[in-house]
Amino acid sequence: MKSLADRPVNPVVGVPVSHESAAAHVTGTALYTDDLVVRSSNALHAWPVQAPHAHARITGMRTEPALAVPGVVRVLTASDVPGINDAGIKHDEPLFPNEVMFYGHAVCWVLGESLEAARLGAEAVEVDYEPLPSLITLEEAIEAESFQGNRPTVARGEPDKALENAAHRFTGEFQFSGQEHFYLETHASFAYIDEAGQVFVQCSTQHPSETQEIVAHVLNLSNHDVTVQCLRMGGGFGGKEMQPHGFAAIAALGATLTGRPVRLRLNRTQDITMSGKRHPFHARWDVGFDDDGRLLALTATLTSDGGWSLDLSEPVLARALCHIDNAYFIPNIEVHGRIAKTNKTSQTAFRGFGGPQGMLIIEDLMGRCAPLLGLDPSELRRRNFYEPGQSTPYGQPVRHAERLQAVWQSLEDRSDIARRRQEVAEFNASHPNTKRAIGMTPVKFGISFNLTAFNQAGALVHVYKDGSVLINHGGTEMGQGLHTKMRQVAATALGIPLSSVRLAPTRTDKVPNTSATAASSGADLNGGAIKNACEQISARLAEVAARKLNIHPDDVRFDDGKVTGIGFHDSTLTFAELARDAYFQRVSLWAAGYYRTEGLHWDSSRMQGEPFKYFSYGAAVTEVEVDRFTGAYRQLRTDIVHDVGDSLSPMIDVGQIEGGFVQGAGWLTLEDLRWDASDGANRGRITTQSASTYKLPSFSEMPEEFNVHLFERATESGVVYGSKAVGEPPLMLAFSVREALREAVAAFGPGDIAVELASPATPEAVFWAIERVSAPSSSLSSSSSSDAGVLTSATSSAQ
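These figures come from a predicted structure and were not determined experimentally.

## Section: the sheet that holds strand 20 (residues 501-503)
Thought 1: The strand order 20-19-18-25 describes an open sheet built from 4 strands, whose pairing is mixed. Bordering the open sheet on either side are strand 20 and strand 25 (590-596), each of which pairs with just one other strand. Here the strands of the sheet are splayed against their neighbours by 25° on average, with no regard to which way each runs.
Thought 2: As defined by bridge partners, strand 18 (residues 456-463) adjoins strand 19 (residues 469-473) across 5 bridges and the pair is classed as antiparallel. Note on strand 19: the bridge partner recorded for Leu460 is Asn472.

Printed below as a string of structure tokens:
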């Protein structure tokens, strides 16, 4: 068996190539789910009836008025469901509820000949509600002790004893907001019934197999009766891992009942008001350091806002607990987690999947404590990096821990940080109302699904008689370049040019039982499966070539579409000739590949084990400039050094790093989700329903100078062609922006106090932080005894 990580001579992986659909994207010829409706002249359109209450009991519903609206064909209600009336996997998400759980909850759906007919029909449906008490904020849920799901704990050592004996001890509280996915393509499904009675669903989904399962159980069908296909997505970011299933089920139910194709596409306001977001978190912590600034102990309680149902809140919380250490060794630790149940959208997966929330807590803690310890924040961070031989609080050895120091040093050298810090000091000395600062933060992020069973993938590879190749795998393309990388993997494994490989859309009747394209594992899992299938085929072809060249099969080499042997320069075959010869010798030219990640174990009840195949490392340094009077700021420069192993596709990876960083900066500095928490008629309504009220990062928020460098000599053993995941880890590089803002705020004050900074750190939040620093006794205080320092701070809240 060939090594998974070794690369042949002249590999196609590692070569910078553009996205496989780039030309189609920019010319408008790339098809998305909603583009397919034009192929069906008799398609029906779905529109939801949304509840105007955060929490209410449905006491009556009259759909007859909708049927009187011209163009309305049918109103879908709970009585129409032949199977299970549930859109999730926890059986706590009724597809048609009898109790409204959040403002905008869909209680029924109207099908019309046109979108306008369906909309007018939805307005005509009459629903009677009995309003019930609601919980909107995390504070309300915590006070009411409204929790759901598991309450995991990660623990090691004797944290209470270590805290008592710590030279410096600080306590704090921190609350931060969620994030709207705001993918360009909203949720969309298009369902029809074919001539054999099969339910075929075109869906913008990151998890086609789970969408298939949900549609099947709603319709009371077997999985083989339902096929789900995903051409591509206009963005997903985790928001299409669990959330598409119910929308696909509505479309499929409508198609089954009417015998006509049904199109369901949410407009932007519907998408924001109905679909889940990144989980907001609240944290209380108690931390101890020794006199050298090294972490001794940490205790904390993390509360996530799960919204009205569980969705993926339990694994999100588990990953947050597994990443609260980030890059730092904490010998004594006890962290408790719990999920609040509120009357809001059911919060869900989002790029990083809880990792960013856990890591933000420790980075906020380090940034607040550093000045009280008399240390530069970047030095405090460096002193606490993991070292070889150390393990995480949940028991996993931190392999290649030395890369943290190497990445950090490389970043310092490449960003010329020592000289620039001197320039910042000189600038600040001469500018009383404008301050600059540099923030530097690390990333250590575990790669694999926490649920071990999800770490498997399949692929189907066809070689045709003319030497052309078609591949199909279980991963989905959402713009991240997965399909591009998979073509490069196949071309490398078969030794053929990239132009010879075409990729078919992801669909459940080609590769079954697939995992979601999530957890940054798409390339690792599907790449391993494709490589396995290709190697099955190349081994058969090597036997055919060996007979023709009169050499041993082990000596056959495939390179750039040519087949030869070791030491042979005058005898070659083309790959196409060999494929044709193999066909006439009745040698199979197709294979089903499979891959399962080795070496994983996770006990979720004990929160112990080795859930991750490896850790991705990275670091970023960002320089900002802040205005005293408005809190407005500019990102002057960002430098990144990131470990992607041996990159499968460098151009794709650099793009992912840039995009992840900007999305992280948006979460931390701009994107401020707001719900109406008043006692008025609109209680529970999300008020940031569009791009006009929900601010997204744009060109004006990009660093004026942006440098990204892929860490060299970083081969990762046991992973396809030595590469590492790149989807999620770069998002956390944006912590450097927030920490730079914190240090810029500190520059307006005496410099030896903890700076409290809300998240998101909007210009308003920065302004108020400057005000507090200018008069620190108003909201922040620090005191010390002979053996400990205590930090008391107000809660940072942007709920």
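Right, picking up where we left off after that structure.
## A short note on the packing of helix 18 (residues 735-746) against helix 19 (residues 763-774)
Thought 1: Following both chains from N to C, one finds helix 18 and helix 19 inclined at 40°, their axes separated by 9 Å at the closest point. Taken together, the axes of helix 18 and helix 19 lie oblique to each other. For the element pair helix 18 and helix 19, the recorded crossing hand is right-handed. Of the residues in helix 19, those in contact with Leu741, Val745 and Ala746 of helix 18 are Val766, Ala769, Ile770 and Val773.

## What about the sheet that holds strand 29 (residues 633-642)?
Thought 1: Here we have 4 strands laid out as an open sheet, ordered 17-28-29-30, and mixed in their pairing. Sheet topology places strand 17 (434-447) and strand 30 (705-710) at the edges, where each strand pairs with a single neighbour. Taking the axes of each pair of neighbouring strands and ignoring which way they run, one obtains an average angle of 15° across the sheet.
Thought 2: Pairing of strand 29 with strand 30 involves 6 bridges; the strand directions are parallel. By the bridge assignment for strand 30, Thr638 is matched with Phe706.
Thought 3: Contacting strand 17, strand 28 (614-627) and strand 29, helix 18 runs over the sheet at an angle of about 150° to strand 17.

## Some thoughts on the side chain of Glu180
Thought 1: The residue Glu180 is located in the loop between strand 9 (168-176) and strand 10 (188-193) in this model.
Thought 2: At a separation of 2.7 Å, a polar atom in the side chain of Glu180 contacts the side chain of Lys277.
Thought 3: When near neighbours in sequence (up to four residues on either side) are disregarded, Glu180 contacts Asp271, Ile272, Lys277, Phe350, Glu671, Leu673 and Tyr694.

## Observations regarding the packing of aromatic side chains
When we look at a pair of aromatic rings, we describe it by the centre distance and by the angle of the planes.
Thought 1: In this structure the tally under the stated criterion is 20 aromatic pairs.
Thought 2: Consider the rings of Phe102 and Trp308, whose centres lie 6.1 Å apart with planes at 35°: the pair is tilted. Of this pair, Phe102 sits in the loop between strand 4 (99-100) and strand 5 (106-112) while Trp308 is found in the loop between strand 15 (295-305) and helix 9 (313-322), placing the two residues 206 residues apart along the sequence.
Thought 3: For Phe102, a relative accessible area of 4% gives the class buried.

## Some remarks on the packing of helix 6 (residues 208-219) against helix 7 (residues 244-258)
Thought 1: Helix 7 packs onto helix 6 with a crossing angle of 45° between their chain directions and a minimal axis gap of 9 Å. Between helix 6 and helix 7, the interaxial angle falls into the category oblique. Where helix 6 crosses over helix 7, the handedness of that crossing is right-handed. Facing helix 6, whose interface residues are Glu210, Thr211, Ile214, Val215, Val218 and Leu219, helix 7 presents His245, Ala248, Ala249, Ala252, Leu253 and Thr256.
Thought 2: Looking at side-chain class alone, the contact of helix 6 with helix 7 contains 8 nonpolar, 3 polar and 1 charged residues.

Quick notes on the rules
- Residues numbered from 1 in each chain as written.
- Predicted model: local features only at pLDDT ≥ 70, side-chain atom pairs only at ≥ 80, totals over all residues.
- Heavy atoms only, no water.
- Pairing = 2+ DSSP bridges.
- Helix = DSSP H or I, 4+ residues; strand = E, 2+ residues; numbered from the N terminus.
- Axes fitted to C-alpha atoms, helices over the stretch in contact; angles between N-to-C directions.
- Parallel < 35°, antiparallel > 145°, perpendicular 65-115°, else oblique.
- Left-handed = near helix turned anticlockwise from the far one by under 90°.
- Contact = heavy atoms within 4.5 Å.
- Polar contact = N/O pair within 3.5 Å; in protein donor to acceptor, adjacent residues only side chain to side chain.
- Phe/Tyr/Trp six-rings, centres within 6.5 Å; stacked < 30°, edge-to-face > 60°.
- Buried < 20%, exposed > 50% of the residue type's maximum accessible area, 1.4 Å probe, protein only.
- Nonpolar A, V, L, I, M, F, W, Y, C, P; charged D, E, K, R; others polar.

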